[in-house]
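Descriptive analysis of the structure
Residue-level listing of the chains:
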Protein chains: 2
Amino acid sequence: MKKDSRLSGVLHVLLHMAEQDGPLTSEALARVMGTNPVVIRRVLSGLRQKGYVRSEKGHGGGWTLACDLSRITLRDIYIALGSPGLLAMGNRTESPGCLVEVVVNAALSQAFQDAEALLLHRFGDVTLASLSADFHRRLVAVGKVRVK
Amino acid sequence: MKKDSRLSGVLHVLLHMAEQDGPLTSEALARVMGTNPVVIRRVLSGLRQKGYVRSEKGHGGGWTLACDLSRITLRDIYIALGSPGLLAMGNRTESPGCLVEVVVNAALSQAFQDAEALLLHRFGDVTLASLSADFHRRLVAVGKVRVK
DNA sequence: GATTATGTAACAATATATGTTGCATGAAAA
DNA sequence: TTTTCATGCAACATATATTGTTACATAATC
């Protein structure tokens, strides 16, 4: 299956919103990400429910950040997306009728769980503010002022 | 995407082969796994190329183990399957044209790489022999002699 | 009221794993 | 030698999930 890039995409969008004073429309964000406005609305809808972003209709509407970037981690964003599956592999069946499969499941499940835990832990360690800070650090390093 | 269960399945098959003296046909293995014989041939073909199993045609033919179980790890099997992708998530683009995306990619890629490395490391720590030993340990514990 | 924007449903496109059918090939048995 | 049994492999079908697109309703501003 194709790899899920929603987390990557939504982080991209959020950082762009952080650089903007006013609201950004789905269309503007879609242009930045090279995708469709509906895709933007789709991935941001989960974040809106959590109160991380706000959306306004009509003239001058669009999306704005509604949270303290230093209090939101990648893990929070990941959960707001619906906690999509992290691993591309899994056990053939979770209720094995055969002792051989019990053994195989046990060996693999432990590795799978540890890998997932590691990912979530890493996500929990990174705040949106730290990403934004990294961005500005690199911006200065390159000597540019404008974002793409 | 549906989760890849080839590693789980092929391990199941290999342990069954380890319990058998003579060769096992694709059809017999398919019955054990509740799948199609062609699927068995497909997943085992990579292992045959690596010399982990052998296949014989005609009467009395089928699949047999062709390696020392204590020298083959789950990682070897995983590689023989073609090293399928481990993670269900990825970066939206690997060649970002935007500094924001560079920052996002950097943050995510590190976590992704570490999770993959952890999985491969775990796989490398487990031999087929240890799985087989675990199976026999449990077999005794349950007081059974026959495998499913 | 016209314009601009989101909200959402429905559908198409894409990718991947998995399952299935059909036929060729080779080995053993009759 | 013919039949049977088994793998090898290509081709197609199925299922699932992400992503992209179209269409229309809804709400807010001009």
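Quick caveat, the model's predicted, so the values are computed rather than measured.

**Structural notes on the overall build of chain A**
Within chain A, the secondary structure is distributed over six helices and two strands. Listing the helices and strands of chain A from first to last along the sequence gives α-α-α-β-β-α-α-α. A globule of 148 residues ought to have a C-alpha radius of gyration of about 15 Å, yet chain A, at 19 Å, is considerably larger. The dimensions of chain A, computed from C-alpha atoms along their principal axes, are 60 × 35 × 25 Å.

**Focus: unusual backbone geometry**
Backbone geometry places A:Ser83, a non-glycine residue, at a positive phi of 50°. With respect to the helices and strands, A:Ser83 occurs in the loop between α4 (74–80) and α5 (99–125).

**What to know about the interface of chain B and chain A**
Residue-level contacts link 54 residues of chain B with 54 residues of chain A. When the two sides are added together, the surface that chain B and chain A hide from each other amounts to roughly 5000 Å², 72% of it contributed by carbon and sulfur. Here chain B is connected to chain A by two salt bridges. We note a salt bridge from A:Arg122 to B:Asp114, for which the minimum N-O separation is 2.5 Å. Put simply, the parts of the chain that give the side of chain B that touches chain A at least two residues each are α1 (6–18), α4 (74–80), α5 (99–125) and α6 (128–142) of chain B. Examining the composition of the side of chain B that touches chain A, we find that 20 residues originate from one element, α5(B), more than from any other. Among the residues forming the side of chain B that touches chain A, the class breakdown is 30 nonpolar, 13 polar and eleven charged.

**Here's the deal with the pattern of salt bridges**
Counting across every chain of the model gives ten salt bridges over all chains. Salt bridges sharing common partners tie together A:Asp134, A:Arg137 and A:Arg138.

**What to know about the layout of surface pockets**
What the largest pocket holds in volume is close to 270 Å³. Taken together, 13 residues make up the lining of the largest pocket; nearest its centre are A:Ser5, A:Arg6, A:Val39, A:Val43 and B:Arg92. Secondary structure elements with two or more residues in the lining of the largest pocket: α1 (6–18) and α3 (37–49) of chain A. The dominant element in the lining of the largest pocket, judged by the number of residues it contributes, is α3(A), at four residues. For the lining of the largest pocket, the per-class residue count stands at five nonpolar, two polar and six charged. Of the volumes computed, that of the second largest pocket is approximately 160 Å³. Along its surface, the second largest pocket is lined by B:Thr25, B:Ser26, B:Arg41, B:Arg48, B:Ser55, B:Glu56, B:Lys57, B:Gly58, B:Gly61, B:Gly62 and B:Trp63. Elements represented by at least two residues in the lining of the second largest pocket include exactly α3 (37–49), β1 (53–56) and β2 (62–65) of chain B. In the lining of the second largest pocket, the residues fall into one nonpolar, six polar and four charged.

**A closer look at the environment of B:Leu131**
Counting through the fold element by element, B:Leu131 comes out in helix α6. Note: C-alpha distance between B:Leu131 and B:Leu69 (62 residues apart in sequence) is 9.3 Å. When neighbours within four sequence positions are excluded, B:Leu131 is seen to be in contact with A:Val103, A:Ala107, B:Leu11, B:Leu15, B:Leu74 and B:Val126.

**Quick look at the relation of the copies chain B and chain A**
In the superposition of chain B on chain A (RMSD 0.0 Å, axial shift 0.0 Å), the rotation amounts to 180°. On the angle and the small slide along the axis, the relation comes out as a two-fold axis.

**Focus: the confidence of the model for chain A**
Looking at chain A, pLDDT values average 93 and 96% of them are 70 or higher. For chain A, helix α6 (residues 128–142) of chain A is the element with the lowest average pLDDT, namely 93, and α4(A) is the one with the highest, namely 97.

**Quick notes on α6(A)**
For α6(A), built from 15 residues, the straight-helix expectation of 21 Å at 1.5 Å per residue is met to within 8% by its first-to-last C-alpha distance of 21 Å. All of the buried residues in α6(A) are A:Leu128, A:Leu131, A:Ser132, A:Asp134, A:Phe135 and A:Leu139. The buried side chains of α6(A) occupy one side of the element, clustering within an arc of 155° when seen end-on. Exposed and facing more than 90 degrees away from the buried side of α6(A) are A:Arg137, A:Val140 and A:Ala141. Buried-residue contacts for α6(A) involve α1 and α4 of chain A together with α5 of chain B. Positive phi shows up at A:Gly143, right after α6(A), with a value of about 80°.

Rules of the game
- Residues numbered from 1 in each chain as written.
- Chains lettered and ligands numbered in written order.
- Predicted model: local features only at pLDDT ≥ 70, side-chain atom pairs only at ≥ 80, totals over all residues.
- Heavy atoms only, no water.
- Helix = DSSP H or I, 4+ residues; strand = E, 2+ residues; numbered from the N terminus.
- Rg over C-alpha atoms; globule rule 2.2 N^0.38 Å.
- Contact = heavy atoms within 4.5 Å.
- Buried area = accessible area lost by both parts, 1.4 Å probe.
- Salt bridge = Lys/Arg side-chain N within 4 Å of Asp/Glu carboxyl O.
- Nonpolar A, V, L, I, M, F, W, Y, C, P; charged D, E, K, R; others polar.
- 1 Å grid on protein atoms, 1.4 Å probe; cavity = no way out; pocket = protein on both sides within 12 Å on 5 of 7 lines; lining within 4 Å.
- Points joined across faces, edges and corners; volume = space filled by probe spheres on them.
- Least-squares fit on C-alpha atoms with pLDDT ≥ 70 in both.
- pLDDT = per-residue confidence, 0-100.
- Expected span 1.5 Å × (residues − 1).
- Buried < 20%, exposed > 50% of the residue type's maximum accessible area, 1.4 Å probe, protein only.
- Arc of directions from axis to C-beta.

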